[in-house]
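Below are the chains, spelled out letter by letter.
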Amino acid sequence: MNEHDEILTLSAIAKNFGDKVALKHVDLSVRRGAVHVICGENGAGKSTLMNILAGIHQPSAGTIQLNGRAVTIPDPITASRLGIGMVHQHFTLVPSMTVAENIYLGRHIRKYGFFSDRKAMTERAGELIERFNFRLDAEAPVRSLSVGQRQRVEILKALAFDAELLILDEPTAVLTPPEVDELIGIIDGLRARGRTILFITHKLREVKAVSDVVTVIRRGESISTYPTATVSETDIARDMVGRNVFLVGRGDSAEPRRFGAPVLSLEGVSVTNSTGRLLLDAVSLDIRAGEIVGIAGVDGNGQTELAEAIVGLIETQAGTITLNGRDITTASVPERLQAGMGFVPEDRLDRGLSITMSVAENLAATNYTRSGLTRSGLVDVARRDAFASEKIAEFDVRGAAPATPAGQLSGGNMQKLVIARELNRDPDLLVICQPTRGLDIGAAEFIYARMMAAADRGRAVLLISSELSEIFALSDRIGVMYSGQLLKVLDRKDADEIGVGQLMNGGVTAEAA
Ligand SMILES: Nc1ncnc2c1ncn2[C@@H]1O[C@H](COP(=O)(O)OP(=O)(O)OP(=O)(O)O)[C@@H](O)[C@H]1O
């Protein structure tokens, strides 16, 4: 390869946070105009590496060459001047401002100031949207956009400042499957226009769909680099995790499974929002002991509200909710948890854990009584920390000690923390939303096994996931939500992905079509 073909060369990059080693030794060569995927387990150091390129962190050792020249990137402004644009996992947009205002926010204010030359700014944003074929309205407030559209605004923000090298940190984690396909199309378009893309993902299907080259990072070291066309998903998974991985689902047992009495019963449960719109429309569902019921649906069709209504985070306007035969329709969240419910929310940062509290405090939060972590009503710190150490080991929460602030963990390891806390309580009913979002394939394998083991012990599980493959792998019955209604609940053996996909898109069943 001739040196001008390489836009970026990293040599022996290391990064410590205090005495924690996040990156040990990373070498990486990125070819101009390529889509280069970085994959690796949760906590392998992917985000840290990208944040070094974006000027957010400084490397403890190693060199960075951009276009054949050694550079230092002391801050994000320098990164931007050097042509490096970063799209973070958590968006940085201002919801009340328009698309155009967000794109130019804080940068070209003098030239395209909101008051002095708003028109020019909007026109310029419109041109940019058209040039990259992003299908956005420059004047629409960001508040009114879907997650996928917001992500496109973030990408445009980087492109507006001539980013040659675009870094996308796990961009598909927040997207629905059709939005993922759209993003893949957008990335193809950017490559065709000569941009270089560094893309982080855990999903091997995406690696194959999107990239030219893939580099695997494991425990802070670059392990392998392959042209994507020549490497199999199995090989990438093995390099990531250091062993062969098998995502085994529940499958169809030869003997029909026997289920117990209903643990959860919903009857005609409805929820309306403040403007009177029906978010849940008379939903009725039983989940029996020993059963996993998966709820499929395009995001935004009431699945989140279903989980929140069951857990008591939002009020219901009609219907009854019964847990183990007891009416809990008006019970508070703590009462429901006490009565045998566990909850893994889809948003681990908002509702799942406290990022300022330590790992031990987070793990103990719903486990004080059950795991005997108090003595005479006071927290027994030694026991709590021993409990935390045990759960850290059991769930392989990387980079965590009992005293580590939860906010310092990598995204996937935060997710493992929430799941560890809720599974430890061994609830009669586990409501679990997007359980493997952001998890690497080894961690997903482990969580699948734990969910199935809970069902085998006679627990009831409500699984909400936008990954159809996950719903099919784990569920005994599959419900489909559309527009607030639970359209249909099928036995796993009677369901197929095409039929469920059709129901998800408006209720045309395979038989009816
Ligand atoms: N600011 C920080 N302070 C201390 N430790 C940190 C900090 N940021 C990251 N780490 C640690 O560095 C390691 C690598 O984290 P990083 O976020 O780069 O992983 P990742 O590969 O992106 O993981 P994931 O796939 O879960 O997002 C982890 O052990 C993490 O806890």
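- Labelled according to an unreviewed UniProt entry, the chain appears under the name Simple sugar transport system ATP-binding protein, originating from Kaistia geumhonensis.
- Its UniProt record gives the chain a comment under Sequence similarities (unreviewed entry), which states: "Belongs to the ABC transporter superfamily."

### Re the overall build of the chain
- Assigned secondary structure in the chain consists of 17 helices and 22 strands.
- Relative to the 2.2 N^0.38 estimate, which gives 24 Å for 513 residues, the radius of gyration of the chain is 24 Å and therefore close to what a compact globule would have.
- If one aligns the C-alpha atoms of the chain with their principal axes, the spans along those axes are about 70 × 50 × 45 Å.
- Sorting the 513 residues of the chain into buried and exposed places 45% on the buried side.

### A closer look at the sheet that holds strand β14 (residues 318-323)
- On the basis of which strands lie adjacent, the open sheet formed by four strands has the order β12-β11-β14-β15 and antiparallel pairing. The sheet is open, and its two borders are formed by β12 (278-288) and β15 (326-327), each paired with just one other strand.
- When β14 meets β15, the two strands line up antiparallel, connected through two bridges. From the neighbouring strand, Leu-323 faces β15, where its bridge partner is Arg-326.
- Helix α9 (residues 303-311) contacts β11 (262-272), β12 and β14 of the sheet and is inclined by roughly 65 degrees relative to β12.

### Considering the domain arrangement of the chain
- For the chain, the assigned domains read domain 1 (3-241), domain 2 (260-340 + 427-513) and domain 3 (352-425).
- Its C-alpha centre places domain 2 at a distance of 26 Å from the equivalent point of domain 3.
- At four residues, the largest contribution of residues to the side of domain 2 that touches domain 3 is made by helix α15 (residues 441-456).
- Residue classes in the side of domain 2 that touches domain 3 are distributed as eight nonpolar, one polar and three charged.

### Quick word on unusual backbone geometry
- In this structure, Asn-67 takes a positive phi of about 50 degrees despite not being glycine.
- In this fold, Asn-67 is placed in the loop between β4 (61-66) and β5 (69-71).
- C-beta crowding within 10 Å serves as the criterion here: with 16 such atoms nearby, Asn-67 is assigned to the partly exposed category.
- Even without glycine at this site, Asp-426 takes up a positive phi of about 45 degrees.

### Describing the site of the ligand
- Around the ligand there are 19 residues in total, and Ala-22, Ser-47, Gly-399, Ser-410 and Gly-412 lie nearest to it.
- Secondary structure elements with two or more residues in the shell around the ligand: β2 (20-31), α1 (46-53) and α14 (411-424).
- Considering only residue class, the shell around the ligand consists of four nonpolar, twelve polar and three charged.
- Each of two domains, domain 1 (3-241) and domain 3 (352-425), supplies a minimum of three residues to the shell around the ligand.

### Thoughts on the pairing of strand β10 (residues 221-227)
- Summarising the sheet, strand β9 (residues 213-218) and β10 pair through six bridges and their orientation is antiparallel. Its bridge partner lying in β10, Val-216 is registered against Ser-224.
- Linking two consecutive strands that pair antiparallel, namely β9 and β10, is a turn of two residues; a positive phi of about 45 degrees is found at Arg-219 within it.

### A closer look at the pairing of strand β20 (residues 460-464)
- For β20, the buried fraction is high: five of the five residues fall into the buried class.
- The side-chain alternation of β20 yields two buried faces, one formed by Ala-460, Leu-462 and Ile-464 and the other by Val-461 and Leu-463.
- Note: strand β13 (residues 292-296) against β20, four bridges, orientation parallel. When the bridges of β20 are listed, Ile-295 appears paired with Ile-464.
- Looking at chain direction, strand β19 (residues 429-433) and β20 are connected through five bridges and run parallel. Across the sheet, the residue bridging to Ile-432 is Leu-463, located in β20.
- With α15 bridging β19 and the parallel β20, this β-α-β connection has right-handed handedness.

### Remarks on α9
- Judged by how many residues are buried, α9 sits mostly within the fold: nine of nine residues are covered.
- Buried within α9 we find Gln-303, Thr-304, Glu-305, Leu-306, Ala-307, Glu-308, Ala-309, Ile-310 and Val-311.
- Looking one or two residues beyond α9, the residue adopting positive phi is Gly-312, at roughly 95 degrees.

### Things to note about the nonpolar core
- With 138 residues, the main nonpolar core has Ile-167, Leu-417, Leu-429, Val-431, Val-461 and Leu-463 as its most contacted residues.
- In terms of residues, this core owes the most to one element, α15, which gives seven residues.
- Beyond its immediate sequence surroundings of up to four residues, Leu-429 is in contact with Val-263, Leu-264, Ile-287, Leu-323, Gly-340, Met-341, Ala-460 and Leu-462.

### A closer look at α1
- Within α1, eight of the eight residues are buried, leaving the element largely enclosed by the surrounding structure.
- Of the residues making up α1, those classed as buried are Lys-46, Ser-47, Thr-48, Leu-49, Met-50, Asn-51, Ile-52 and Leu-53.
- In the segment just after α1, Gly-55 is the residue with positive phi, at about 80 degrees.

### A closer look at the environment of Asp-286
- Along the polypeptide, Asp-286 turns up in strand β12.
- Each C-alpha atom of the pair Asp-286 and Ile-321 lies 9.9 Å from the other, and the pair is 35 residues apart in sequence.

What counts as what
- Residues numbered from 1 in each chain as written.
- Predicted model: local features only at pLDDT ≥ 70, side-chain atom pairs only at ≥ 80, totals over all residues.
- UniProt positions renumbered as here; feature names shortened; annotations may be inferred.
- Helix = DSSP H or I, 4+ residues; strand = E, 2+ residues; numbered from the N terminus.
- Rg over C-alpha atoms; globule rule 2.2 N^0.38 Å.
- Buried ≥ 20, exposed ≤ 12 C-beta atoms within 10 Å, placed from the backbone.
- Pairing = 2+ DSSP bridges.
- Contact = placed C-beta atoms within 7 Å.
- Axes fitted to C-alpha atoms, helices over the stretch in contact; angles between N-to-C directions.
- Domains from an automatic or database assignment.
- Nonpolar A, V, L, I, M, F, W, Y, C, P; charged D, E, K, R; others polar.
- Near = placed C-beta within 6 Å.
- Right-handed = clockwise from strand over helix to strand, strands pointing away.
- Core = buried A, V, L, I, M, F, W, Y, C linked by C-beta atoms within 7 Å.

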